[in-house]
Amino acid sequence: MKKVVEIVDVIDTAKVYAELSDANSGGICVFVGAVREFTNNEEVVALEFETYEAMALKEMGKIADTALAKWGLNKVVIRHAVGEKSVKEPVVIVGASSAHRDACFEACRFLIDTLKETVPIWKKEKFKNKSVWVSAHP
Amino acid sequence: MNVLFFGITKDIVGSSEISFSNELKPTSVASLKKRLIESYPEFSKLNSLAVAVNSEYADDSVLLNGNEEIAIIPPVSGG
């Protein structure tokens, strides 16, 4: 399978290598997004993610297809977690494999940047005394 | 016509779904947005307010017949 596009409860970072490994790929590049403890000097207790899953999978599929075509990739993975995640937990993993490294480095950047712009997933930052939907307000 | 809400819009509305009766249903994405902003003024304070029709982004000119799956998409923040 050339592309893996999934919404999951828990991301297993260990399985991505097997998914991207390919006889024609000399380069495999992976980006993992994780929960950071501080936002603007405020301590984050957890992040809560929710999604409109049918649409999110469609949009993630479009991103994967665009990247496969644009960089001539052999394999692509885009996987996002939902639910409550605590500090250091992985929340998103994207990866690409290609004959040479330039293509997979560039593709990885495109995969995560485009996901953040178009995929209907929402993140609530939970602090000790309040919760805030990220990017909702100016 | 049913409309789905996510993220902050779900909190503003207090529900993940609302229904419009056949006589009162908006007939385009633009009129749906206008109606929602009238009913929920906090929607106008958001960074953006997109609408998805059958799980695809739809611009204001798209017409609605009430049989579509319609969802309100506040600013996304995945990753």
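Right above here is the structure, for reference.
Residues numbered from 1 in each chain as written. Chains lettered and ligands numbered in written order. Predicted model: local features only at pLDDT ≥ 70, side-chain atom pairs only at ≥ 80, totals over all residues.

### Describing the overall build of chain B
Helix and strand counts for chain B come out as two helices and five strands. Secondary structure of chain B in N-to-C order comes out as β-α-β-α-β-β-β. Whereas a compact globule of 79 residues would reach a radius of gyration of roughly 12 Å, chain B reaches 12 Å, a difference of no more than 12%. In chain B, which comprises 79 residues, the proportion classed as buried is 30%. (Helix = DSSP H or I, 4+ residues; strand = E, 2+ residues; numbered from the N terminus. Rg over C-alpha atoms; globule rule 2.2 N^0.38 Å. Buried ≥ 20, exposed ≤ 12 C-beta atoms within 10 Å, placed from the backbone.)

### Observations concerning the sheet that holds strand E3 (residues 50–53) of chain B
Residue and element names in this part refer to chain B. Spatially, five strands are ordered E2-E1-E5-E3-E4 in an open sheet, and the strand pairing comes out mixed. Every interior strand has two partners, whereas the edge strands, strand E2 (17–19) and strand E4 (56–58), have only one. Between one strand axis and the next, the sheet turns through 35° on average, direction left out of account. Two strands pair when backbone bridges link them, and E3 and E4 are joined in this way by three bridges, in the antiparallel orientation. The residue of E4 that forms the bridge with Ala52 is Tyr57. (Pairing = 2+ DSSP bridges. Axes fitted to C-alpha atoms, helices over the stretch in contact; angles between N-to-C directions.)

### Some details on the environment of Thr118(A)
The topology assignment puts Thr118(A) in helix H3 (residues 101–118). Overall, Thr118(A) belongs to the partly exposed group, with 19 C-beta atoms counted inside 10 Å. Spatially, the C-alpha atom of Thr118(A) lies 8.6 Å from that of Ala56(A), the residues being 62 residues apart in sequence. If near-sequence neighbours (up to four positions away) are discounted, Thr118(A) is found in contact with Glu59(A) and Val76(B). (Contact = placed C-beta atoms within 7 Å.)

### Here's the deal with the nonpolar core
All names here are of chain A. Counting residues in hydrophobic clusters, the biggest one holds 55 residues, and the most contacted among them are Ala67, Ile78, Ala96, Ala107 and Leu111. Broken down by element, the residue count for this core peaks at seven residues, all from helix H2 (residues 53–71). Filtering out sequence-adjacent residues up to four positions away, Ala67 remains in contact with Leu73, Val76, Ala96, Ala107, Phe110 and Leu111. (Core = buried A, V, L, I, M, F, W, Y, C linked by C-beta atoms within 7 Å.)

### Some points on the pairing of strand E4 (residues 42–51) of chain A
Walk down a regular strand and you will see the side chains alternate between the two sheet faces. All names here are of chain A. Note: strand E3 (residues 38–39) against E4, two bridges, orientation antiparallel. If you follow Thr39 over to E4, its bridge partner there is Glu42. Counted along the chain from E3 to the antiparallel partner E4, the turn is two residues long, and its residue Asn40 has a positive phi close to 45°. The sheet contact formed by E4 and strand E8 (residues 121–127) spans seven bridges and is antiparallel. When the bridges of E8 are listed, Val44 appears paired with Phe127. Across four bridges, E4 lies against strand E6 (residues 83–86) in antiparallel orientation. Within E6, the residue paired with Leu47 across the bridge is Lys85.

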